[in-house]
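Listed here are the chains, written in short residue letters.
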Amino acid sequence: MSAALWLVVPAAGQGRRMGADRPKQYLEIAGRPVLACTLARLYSAFPGARLCLCLDADDARFDPAWVPFAEWRRVSGGNERVDSVSHALEAIAGEASDDDLVLVHDVARPCVTVADLERLHAALSDDPVGGLLASPVADTMKRDDGAGRVAATELRAGLWHALTPQGFRYGLLRQALAAAVKAGIPVTDEASAVETLGLSPQLVKGRRDNLKITHPEDLALARQILAAQSATEPASDQSASAPALAGAGVVARENSER
Ligand SMILES: Nc1ccn([C@@H]2O[C@H](COP(=O)(O)OP(=O)(O)OP(=O)(O)O)[C@@H](O)[C@H]2O)c(=O)n1
Ligand SMILES: C[C@](O)(CO)[C@H](O)COP(=O)(O)O
């Protein structure tokens, strides 16, 4: 039986850097919350995937109608992004096989294109380590001196922005995150945890407009990117409108242990 595809979407953040009146995944783009836009984009690429959506346990804004996937579950997030992802992996321990591919994608990245998603999936299909979407640095990079002045200019050759999704086999990813957390190693993405095992994830070049909505100005940027993509991408690359869920067999299983 071919390995299953799991999607883990960390969406339990508070959006402190955004400074809005709600977590940034609930700010709107073209009348839909960021969360719905991101899930629709993932569904366009992987309609048969199984989704774990990491939400704050106290999140009262979430509406299951925003989930287009037939098989999905809500998992309670953790203190940090790595904890939220770890909770999701623990929640599917009884169902996932070690060889299943897990793609982890930030809910705050609604602009990822179907073409990039499909390219990443194809690139990882026979990669024993796994990898991530990334974009080469195009600006000169400065390191500060802690006092608002330049301490050094970093060579940008070979530097990449890590994006998401990041994809790894279930067994390896769970082992890597658990080891990093146990060792107290701060990891801000899945790839860095895998790297601490001495492995080198594959860099899959992705579009620079796969923006992570983080600061206030990013929301307007994301709106413009999605509008531009809708105007220029083939229909299949646009966010699918969430299909009517009536009869879609939505299975919302709250992971009460988390
Ligand atoms: N405890 C956390 C923290 C973050 N995230 C998710 O991880 C992604 C990347 O995190 P970030 O952009 O930092 O989001 P926030 O933590 O919400 O932002 P901030 O750091 O500004 O509060 C986001 O989709 C966020 O929802 C999560 O699931 N659980
Ligand atoms: C995972 C990530 O989006 C890769 O660039 C990034 O590390 C998330 O960082 P954040 O501080 O949790 O937003």
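Residues numbered from 1 in each chain as written. Chains lettered and ligands numbered in written order. Predicted model: local features only at pLDDT ≥ 70, side-chain atom pairs only at ≥ 80, totals over all residues. Heavy atoms only, no water.

Formally: UniProt positions are given in the numbering used here, feature names are shortened, and annotations may be inferred rather than shown by experiment.
The protein chain has the name 2-C-methyl-D-erythritol 4-phosphate cytidylyltransferase in an unreviewed UniProt entry, where Halomonas tibetensis is given as its organism. Per UniProt, the protein chain has the following entry under Pathway (unreviewed entry): "Isoprenoid biosynthesis; isopentenyl diphosphate biosynthesis via DXP pathway; isopentenyl diphosphate from 1-deoxy-D-xylulose 5-phosphate: step 2/6."

**Concerning the state of the cysteines**
Heads up, the rule is: Here, the term disulfide refers to a pair of cysteine sulfur atoms separated by no more than 2.5 Å.
Summed over all chains, the structure comprises zero disulfides. Here Cys-111 stays unpaired: no disulfide links it, and the sulfur of Cys-37, its closest cysteine neighbor, is 8.6 Å away.

**Points about the UniProt feature "site: Transition state stabilizer" (unreviewed entry) in the protein chain**
Which entries qualify depends on this criterion: In this description, contact between two residues means that some pair of their heavy atoms is separated by no more than 4.5 Å. Secondary structure is summarised from DSSP: a helix means a run of H or I of at least four residues, a strand means a run of E of at least two, and numbering begins at the N terminus for each.
UniProt tags Arg-17 and Lys-24 as "site: Transition state stabilizer" (unreviewed entry). Residue contacts for Arg-17: discarding those within four places in its chain leaves Lys-212, Thr-214, His-215 and Pro-216. Secondary-structure assignment places Lys-24 in the loop between β1 (5-10) and β2 (28-29). If sequence neighbours within four positions are ignored, Lys-24 has contacts with Gly-15, Met-18, Val-34, Ala-108, Ile-213 and Thr-214.

**A word on the environment of Arg-149**
Going by this rule: Exposed residues in this analysis have more than 50% of their type's maximum accessible area, buried residues have under 20%, and partly exposed residues fall in between, with area computed by a 1.4 Å probe over protein chains only.
Following the sequence through the fold, Arg-149 ends up in the loop between β8 (141-144) and β9 (150-154). Taking the relative accessible area as the measure of exposure, Arg-149 reaches 62% and is therefore exposed. When neighbours within four sequence positions are excluded, Arg-149 is seen to be in contact with Arg-143 and Asp-144.

**Focus: the site of ligand 1**
The test is simple: Working definition: residue near molecule or strand if any one of its non-hydrogen atoms lies within 4 Å of it. Pairs of N or O atoms within 3.5 Å make up the polar contacts considered here, provided that, within protein, one atom can donate a hydrogen while the other can accept it, and that residues adjacent in sequence are counted only when both atoms are side-chain atoms. Using a 1.4 Å probe, the Shrake-Rupley method yields the accessible areas, and only the shown protein chains count as cover for residues. Three residue categories are used. Nonpolar comprises Ala, Val, Leu, Ile, Met, Phe, Trp, Tyr, Cys and Pro, charged comprises Asp, Glu, Lys and Arg, and polar comprises the others, including Gly.
Inspection of the region around ligand 1 gives 18 residues, with Gly-15, Arg-16, Arg-17, Lys-24 and Ser-84 positioned closest. Within the backbone of Pro-10, one N or O atom sits 2.9 Å away from an oxygen atom of ligand 1. Here a nitrogen atom of ligand 1 and a side-chain polar atom of Ser-84 are 2.8 Å apart. Here ligand 1, which alone exposes 560 Å², has 89% of that area covered by the protein. For the shell around ligand 1, the class distribution of residues is five nonpolar, six polar and seven charged.

**Considering the packing of helix α2 (residues 81-91) against helix α4 (residues 170-182)**
Keep this limit in mind: All axes are obtained by fitting lines to C-alpha atoms, using only the stretch in contact for helices, and the reported angles, taken between N-to-C directions, cover 0 to 180 degrees. Each angle receives one of four descriptions, namely roughly parallel if under 35 degrees, roughly antiparallel if over 145, roughly perpendicular if within 65 to 115, and oblique otherwise. Left-handed describes a crossing whose near helix is turned anticlockwise from the far helix by less than a right angle; the clockwise case is right-handed.
The N-to-C vectors of α2 and α4 enclose an angle of 135°; their axes lie 10 Å apart at closest approach. Taken together, the axis directions place α2 and α4 in an arrangement best described as oblique. The element α2 and its partner α4 pack so that their crossing is left-handed. Seen from α2, the contacting residues are Val-82, Val-85, Ser-86, Leu-89 and Glu-90; seen from α4, they are Tyr-170, Leu-173, Arg-174, Leu-177 and Val-181. In the contact of α2 with α4, the residues fall into seven nonpolar, one polar and two charged.

**Quick word on the UniProt feature "site: Positions MEP for the nucleophilic attack" (unreviewed entry) in the protein chain**
The feature "site: Positions MEP for the nucleophilic attack" (unreviewed entry), as given by UniProt, occupies Arg-156 and Lys-212 in the numbering adopted here. Summarising the element assignment, Arg-156 is placed in the loop between β9 and β10 (160-169). A relative accessible area of 39% means that Arg-156 is categorised as partly exposed. Dropping the residues within four chain positions of it, Arg-156 is found in contact with Val-137, Ala-138, Asp-139, Thr-140 and Met-141. Engagement of the side chain of Arg-156 in a polar contact is seen with the backbone oxygen of Ala-138, the distance being 3.1 Å.

**Brief notes about the nonpolar core**
Test applied: By nonpolar core is meant a set of buried Ala, Val, Leu, Ile, Met, Phe, Trp, Tyr and Cys residues that side-chain atoms within 4.5 Å join together.
Grouped together as the largest cluster of nonpolar side chains are 30 residues, with contacts concentrated most on Leu-51 and Leu-53. When contributions to this core are tallied by element, the ones reaching two or more residues are β1, α1 (34-45), β4 (50-55), β6 (101-104) and α3 (114-124). The contact partners of Leu-53, leaving out residues within four places of it in the chain, are Val-9, Ala-11, Leu-39, Phe-62, Val-67, Arg-73, Arg-74 and Val-75. Counting residues in each nonpolar core, the second largest holds 28 residues, with Cys-52, Leu-89, Leu-132 and Ala-191 among its members.

**Examining the site of ligand 2**
In the vicinity of ligand 2, the contacting residues are Arg-17, Arg-81, Asp-106, Arg-109, Ala-162, Thr-164, Thr-188, Asp-189 and Lys-212. A distance of 2.9 Å separates an oxygen atom of ligand 2 from a polar side-chain atom of Arg-109. Interatomic distance of 2.6 Å between a backbone N/O atom of Ala-162 and an oxygen atom of ligand 2. Alone, ligand 2 offers 360 Å² of accessible surface; in the complex the protein occludes 76% of this.

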